[in-house]
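Residue-level listing of the chains:
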Amino acid sequence: MLSLSPRNAVGVGYAQNDRPLLDACKFSAAVGNALGALKSHADVVLAGEDGPGAVELIDRILADDLASVDAARARGSVTIGQRNDVTEALAQSGTVALIAGRSGGGKSTLLAGLMERLCAAGYQFCALDPEGDFEDMEQALMIGDGDYAPKGVDVMRLLRQPRQSVIANLMQLAFDERPLFAPRCSHRCSRRAHSPAARTG
């Protein structure tokens, strides 16, 4: 298993039987000589036919990771609500969002709804929960609780499974240690990725 998320995959096809592949991938493309039905279903239609079309797609990926294709971003956005008949959504990449407000104002409820929608859209998430607000979140596996502090290595191991979302309950960590939890997880992951054992398999 490659442990790759469909949300990080690109599918390219020619015939109608390629449609399930395109539906499973985050981004879909049809080569220039594909059937009309597949072209109308794909995010982008390539100019090249067959192999040259696939090369064209690879060149686009290398150029800007397909960020210039508006259709892919729209399909990957996560709806968070509507205001005045306008749908508010988070783009599938490059989004930094801040949710702030007074205690009891509904921040945790909003975050829980957002995490549910991320899962429904096929995304993986990792949440750091300092107060145990998300213990009942069925879509993710919780590491740590009121008696046990989570280990960064366990969190990172689980996140290598693209379909597994994780919540790290930080209640047992001292207040001054909580802000350091995420950087330490990232550091361990980076150190492992650069080790000789990790590079060779």
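The rules behind the values
- Residues numbered from 1 in each chain as written.
- Predicted model: local features only at pLDDT ≥ 70, side-chain atom pairs only at ≥ 80, totals over all residues.
- Heavy atoms only, no water.
- Helix = DSSP H or I, 4+ residues; strand = E, 2+ residues; numbered from the N terminus.
- Buried < 20%, exposed > 50% of the residue type's maximum accessible area, 1.4 Å probe, protein only.
- Contact = heavy atoms within 4.5 Å.
- Pairing = 2+ DSSP bridges.
- Axes fitted to C-alpha atoms, helices over the stretch in contact; angles between N-to-C directions.
- Patch = residues over 30% accessible without salt bridge, like charges linked within 9 Å, V, L, I, M, F, W, Y side chains within 5 Å.
- Areas by Shrake-Rupley, 256 points an atom, 1.4 Å probe, with all protein chains shown as cover.
- Salt bridge = Lys/Arg side-chain N within 4 Å of Asp/Glu carboxyl O.
- Lys, Arg positive; Asp, Glu negative; His and termini not counted.
- Polar contact = N/O pair within 3.5 Å; in protein donor to acceptor, adjacent residues only side chain to side chain.
- Expected span 1.5 Å × (residues − 1).

A. Molecular detail of the environment of Ala-168. In this fold, Ala-168 is placed in strand E8 (residues 165-169). On the basis of relative accessibility, which here comes to 0%, the residue Ala-168 falls in the buried class. Counting along the chain gives 23 residues from Ala-168 to Asp-145, while the straight-line C-alpha distance between them is 8.3 Å. Setting aside its immediate chain neighbours within four residues, Ala-168 contacts Ala-127, Leu-128, Asp-129, Ile-143, Pro-150, Val-155 and Phe-181.

B. Focus on the sheet that holds strand E7 (residues 140-143). A sheet is described by the order of its strands in space; here 3 strands give the open sequence E6-E8-E7, paired in parallel fashion. If you trace the sheet from one side to the other, it starts and ends with strand E6 (126-129) and E7, each paired once. Taken pair by pair, the neighbouring strands of this sheet meet at an average axis angle of 20°, ignoring direction. Two elements, E6 and E8, share 4 bridges in a ladder whose sense is parallel. The residue of E8 that forms the bridge with Leu-128 is Ala-168.

C. Region of interest: unusual backbone geometry. With a phi angle near 50°, Asp-50 is a residue other than glycine that sits in the positive phi range. Mapped onto the fold, Asp-50 is located in helix H3 (residues 50-64). Not every positive phi belongs to a glycine, and Asn-84 is a case in point at roughly 55°. Within the secondary structure, Asn-84 sits in the loop between strand E4 (78-83) and strand E5 (86-90). Look at Asn-84 and you get exposed, because its relative accessible area is 70%.

D. Summary view of a nonpolar patch on the surface. On the surface, Ile-99, Leu-110 and Leu-111 cluster together into a nonpolar patch covering about 210 Å² of accessible area. Tracing the backbone shows Leu-111 in helix H5 (residues 107-120).

E. Spatial organisation of the side chain of Arg-178. By the secondary structure assignment, Arg-178 is in helix H7 (residues 178-193). An unpaired buried charge is present at Arg-178: no salt bridge exists, and Glu-131, the closest side chain of opposite charge, is 6.1 Å distant. A distance of 3.3 Å separates a polar side-chain atom of Arg-178 from the backbone oxygen of Pro-130. Here the side chain of Arg-178 touches Leu-173 through a polar contact of 3.1 Å, landing on its backbone oxygen. The contacts of Arg-178, once residues within four sequence positions are left out, are Pro-130, Leu-170, Met-171 and Leu-173.

F. Focus on helix H6 (residues 152-159). Of all the 8 residues making up H6, 6 are buried; the element is thus mostly covered by neighbouring parts of the structure. Every buried residue belonging to H6 is among Gly-152, Asp-154, Val-155, Met-156, Leu-158 and Leu-159, and all of these are buried.

G. Inspection of H3 at higher detail. Look at H3: 22 Å from first C-alpha to last across 15 residues, which is about the 21 Å you get at 1.5 Å a residue. In the stretch just after H3, Asp-65 is the one whose phi turns positive, near 55°.

H. Representation of the pattern of salt bridges in the model. Applying the stated criterion across every chain yields a total of 3 salt bridges. Across the pair Arg-60 and Glu-56 runs a salt bridge whose closest N-O atoms are separated by 3.9 Å. Residue Arg-60 and its partner Glu-56 are located together in helix H3, separated by 4 residues, close to a single helical turn. Residue classification places Arg-60 among the partly exposed positions, given a relative accessible area of 31%. Note that Arg-157 and Asp-154 form a salt bridge whose closest N and O atoms lie 3.6 Å from each other. Here Arg-157 and its partner Asp-154 are both found in helix H6, 3 residues apart, which amounts to about one turn of the helix. Residue classification places Arg-157 among the partly exposed positions, given a relative accessible area of 45%. By relative accessible area, Asp-154 is classed as buried at 18%.

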